[in-house]
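Structure assessment
Each chain is listed here by its residues.
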Amino acid sequence: MRKPNIAILGATGVVGREILKIMDELDVQYNELKLLSSAKSAGKKLEFQGKKYTVEEAKPESFDGINIVIASAGGSTSKKFAPEIVKRGGVLIDNSSAFRMEKDVPLVIAGVNDEDLKKHKGIIANPNCSTSQLMLVLKPLNDKAKIKRLIVSTYQSVSGAGLAAINELTADTKAKLNGEKFENVCFKKPISFNVIPQIDVFCENGYTKEEMKVTNETKKILHLAPDTPISCTAVRVPVYRGHSEAVDIEFENEITPDEVREILKKSYGVKVIDNPDNFEYPTTRDAEYVDPVFVGRIRKNIAFENGITLWCVADNLRIGAALNTVRICKKITEMELF
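Residues numbered from 1 in each chain as written. Predicted model: local features only at pLDDT ≥ 70, side-chain atom pairs only at ≥ 80, totals over all residues. Heavy atoms only, no water.

Focus: the side chain of Glu211
Heads up, the condition is: The numbering of helices and of strands both runs from the N terminus, where a helix is a DSSP run of H or I of at least 4 residues and a strand a run of E of at least 2. The cut-offs for exposure are 20% and 50% of the maximum accessible area for each residue type, with area from a 1.4 Å probe on protein chains only; residues under the lower value are buried, those over the upper are exposed, and the others partly exposed. Only four residue types enter the tally: Lys and Arg on the positive side, Asp and Glu on the negative side; His and the chain ends are excluded. Think of a salt bridge as a Lys or Arg side-chain nitrogen and an Asp or Glu carboxyl oxygen that are within 4 Å of each other. Pairs of N or O atoms within 3.5 Å make up the polar contacts considered here, provided that, within protein, one atom can donate a hydrogen while the other can accept it, and that residues adjacent in sequence are counted only when both atoms are side-chain atoms. Any two residues whose heavy atoms approach within 4.5 Å are treated as being in contact.
Its location among the elements puts Glu211 in helix α5 (residues 209–222). Buried Glu211, no salt bridge; nearest opposite-charge side chain is Arg236, N-O distance 11 Å. In terms of polar contacts, Glu211 uses its side chain to reach the backbone amide nitrogen of Thr208, at 2.7 Å. Separated by 2.9 Å, the side chain of Glu211 and the backbone nitrogen of Ala234 make a polar contact. Leaving out residues up to four positions away in the same chain, Glu211 has contacts with Cys232, Thr233 and Ala234.

Structure below.
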């Protein structure tokens, strides 16, 4: 198996650092490694596997000789450098929303739709964080009973909005406890001791961009019919790390809660914690810094025919961002798609 030359674009950010950590954990094989960032962060030193790397400013020539670029530097940066990466023969695994819904760009969850990787033309998109954990749960259930209708409510941690949002939760909480005034910047409302029913900007249909990402990306990844009814409400909660989701699914075919439990217990990347009588169900603390998507509260939905309701939780910085991009990197290396 050939070992690729890999570049991390956005290496100094929250997700970029997580990517490096997971590359080490998953023992990603590579020939050379290059760490790239904006001019502002260039020159910083990062240690990886006992070696110190100097972070370089990303320029077009930075991608000469690079086979795989894992990018987590924002959509505008990805759009700027994507043509340069592809022109030089590299494969871009992009963590932003820049290319997710483009027809010729595979939108991939490793272990869910790996075959779509073969269709890439130099760019592979990583789904939205809340979509990512959901797909590992829905894929095996859709294979069994076929999804007819889907309603999702997400409860998303502040780390999904970056380091500044993490710091704002801390500062706002301290100010609130001390009876001091605090001016929120990252969020439209105070985040401490609060729940905000808005993530991203509102669209003309009254949904937010985040909610429409879940809707559209789910259809693309699972190859559902375009008219499949899917609705999402995305909520920001005062949690540092970990996204939670309440999921209502109506299936074409009958499926029982026990069947769902058995299917998910055997599914890739999923762990079932479901014994409500003993108060055993997953929370964000269970998911911190680990890989599985945790599922619980599996029950028959009493509003839908052939309906199931469940609760799932995952570490958004891992499965929702860094983990999946690194898993894709391993997949395209194993499948020799670079």
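Re the side chain of Thr325
Here Thr325 lies in helix α8 (residues 318–334). Residue classification places Thr325 among the buried positions, given a relative accessible area of 1%. Reaching out from Thr325, the side chain makes a polar contact with the backbone oxygen of Ala321 at a distance of 3.2 Å. Those residues in contact with Thr325 that sit more than four places away from it in its chain are Ile19, Ile70, Ile93, Asn95 and Asn126.

Here we look at the sheet that holds strand β14 (residues 307–314)
Cut-off, in case you're wondering: Strands are labelled as partners when DSSP assigns at least two bridges between them. The angle between two axes is taken between their N-to-C directions and runs from 0 to 180 degrees, where each axis is a line fitted to C-alpha atoms and a helix contributes only its stretch in contact.
Spatially, six strands are ordered β10-β9-β11-β14-β13-β12 in an open sheet, and the strand pairing comes out mixed. Both outer strands of the open sheet, β10 (230–236) and β12 (270–272), are each paired with one neighbouring strand and no more. For this sheet, the mean angle separating the axes of adjacent strands, direction not counted, is 20°. Bridging between strand β9 (residues 147–156) and strand β11 (residues 243–251) involves eight bridges; their strand directions are antiparallel. Counted as the bridge partner of Val152 is Val247 from β11. The strands touched by helix α3 (residues 129–145) within the sheet are β9, β11, β12, β13 (293–300) and β14, with β11 carrying the most contacts at an inclination of about 25°. The strands touched by α5 within the sheet are β9 and β10, with β10 carrying the most contacts at an inclination of about 135°.

Quick word on the packing of aromatic side chains
The following threshold applies: Two aromatic rings from Phe, Tyr or Trp, using only the six-membered ring of Trp, form a pair when their centres are within 6.5 Å; if the ring planes differ by under 30 degrees the pair is stacked, by over 60 it is edge-to-face, and anything between is tilted. Two conditions define a charge located above a ring, namely a distance within 6 Å from the ring centre to NZ of Lys or CZ of Arg, and an angle within 35 degrees of the ring normal.
Evaluated as defined, the whole model comprises three aromatic pairs. Relative to Phe81, the ring of Phe63 has its centre 5.4 Å away and its plane inclined at 55°; by these criteria the two rings are tilted. Taken together, the positions of Phe63 in the loop between β5 (56–57) and β6 (68–71) and Phe81 in helix α2 (residues 75–87) put the pair 18 residues apart, joining distant regions of the chain. Phe81 carries the same exposure label as Phe63, and that label is buried. Seen from their ring centres, Tyr155 and Trp311 are 5.9 Å apart, and the 35° between their planes marks the pair as tilted. Linking Tyr155 in strand β9 with Trp311 in strand β14, this pair joins segments that are 156 residues apart in sequence. For Trp311, a relative accessible area of 24% translates into the label partly exposed. For Arg2, the ring lying beneath its charged end belongs to Phe338, and the centroid distance is 4.1 Å. Sitting over the ring of Phe304, Arg149 keeps its end group 5.8 Å from the ring centre.

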